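Understanding the architecture of this molecule
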Amino acid sequence: DLVNSARLQKVGDAPATPSELQKLYWMQNYNLSQASVVIAIVGATRASFDAWGDHSIRILNFAAGAIAQRIYLGSSSLGLGCGVVFGFNVAATGEYFHLIEGEEAPLLMAFVGPRSPSAAAYDFRVSGALSERDVFGSSAPGWSKIEQRR
């Protein structure tokens, strides 16, 4: 079963400096010098396509998302911070992790390390209750019926 044939592969003992790893990731919202572990979630693209055809990319993305959720949950249970990204150089990442070109591709990368006290840039708490009008606007289907009931 392709989805359950996960393998953990250690590439080496710190084969790259944090600045080399940072070059793989194009955005600046994570500082990879603070990551204790970098995990590449890899899909067997050729074998998946052979098994599932045009649906293979959806199945791989589903499996990658499920793995990412497990990494988040495990990190959180250990009191660690975690970030999962897909804005990275796929070719360079595949080369870095010794993937077989045309057979495997990195789908996501997870960065795990000590939680930063100033990690949150936004406060997402909900203050006050939202009405249906706030969410859907006054032109929402059936709005006049809702108004009449009040």
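What counts as what
Residues numbered from 1 in each chain as written. Predicted model: local features only at pLDDT ≥ 70, side-chain atom pairs only at ≥ 80, totals over all residues. Heavy atoms only, no water. Helix = DSSP H or I, 4+ residues; strand = E, 2+ residues; numbered from the N terminus. Buried < 20%, exposed > 50% of the residue type's maximum accessible area, 1.4 Å probe, protein only. Contact = heavy atoms within 4.5 Å. Axes fitted to C-alpha atoms, helices over the stretch in contact; angles between N-to-C directions. Parallel < 35°, antiparallel > 145°, perpendicular 65-115°, else oblique. Left-handed = near helix turned anticlockwise from the far one by under 90°. Nonpolar A, V, L, I, M, F, W, Y, C, P; charged D, E, K, R; others polar. Pairing = 2+ DSSP bridges. Expected span 1.5 Å × (residues − 1). Arc of directions from axis to C-beta. Phe/Tyr/Trp six-rings, centres within 6.5 Å; stacked < 30°, edge-to-face > 60°.

**Re the overall build of the protein**
Regarding its fold elements, the protein presents six helices and three strands. The secondary structure elements of the protein, listed N-terminal to C-terminal, are α-β-α-α-β-α-β-α-α. A total of 150 residues make up the protein; the buried ones form 26% of that total. In the protein, 72% of the contacts between residues at least 6 apart in sequence involve partners at least 24 apart.

**Observations concerning the packing of helix α2 (residues 45-52) against helix α3 (residues 56-77)**
Relative orientation of the contacting elements α2 and α3 amounts to 125 degrees, with a least axis distance of 8 Å. By the angle class used here, α2 and α3 are oblique. The way α2 lies across α3 gives a crossing that is right-handed. Mapping the contact onto sequence places T45, S48, F49 and W52 in α2 and S56, I59 and L60 in α3. Taken together, the residues of the contact of α2 with α3 break down into four nonpolar, three polar and no charged.

**Concerning the sheet that holds strand β3 (residues 105-114)**
Here three strands make up an open sheet; going across it, the order is β1-β3-β2 and the pairing antiparallel. With partners counted over all chains shown, the strands left at the sheet margins are β1 (37-43) and β2 (80-85), one partner each. Direction aside, neighbouring strands of the sheet carry axes that sit 20 degrees apart on average. The sheet contact formed by β2 and β3 spans six bridges and is antiparallel. Counterpart to G81 in the pairing with β3 is G113.

**Digging into α3**
With 22 residues, α3 extends 32 Å from end C-alpha to end C-alpha; this agrees with the ideal 32 Å at 1.5 Å per step. Inspection of α3 places S56, L60, A63, A64, A68, I71 and S75 among the buried residues, and these make up the whole buried set. Seen end-on, α3 carries its buried residues on one side only, within an arc spanning 145 degrees. Exposed and facing more than 90 degrees away from the buried side of α3 are R58, F62, Q69, R70, L73 and S77. For α3, the secondary structure elements touched by its buried residues are β1, α2, β2 and β3. At the exit of α3 stands G79, carrying a positive phi of roughly 75 degrees.

**With respect to the side chain of S56**
Secondary-structure assignment places S56 in helix α3. Every residue in contact with S56, bar those within four places of it in the chain, is listed here: S48 and F49.

**Here we look at the packing of aromatic side chains**
A full pass over the atoms with the stated rule returns four aromatic pairs. One aromatic cluster is present, built from ring pairs that chain together Y25, Y30 and F111.

**Here's the deal with the side chain of T93**
With respect to the helices, strands and loops of the structure, T93 is situated in helix α4 (residues 90-96). By relative accessible area, T93 is classed as buried at 0%. Apart from residues lying up to four places away in sequence, T93 is in contact with L24, F88, P106 and M109.

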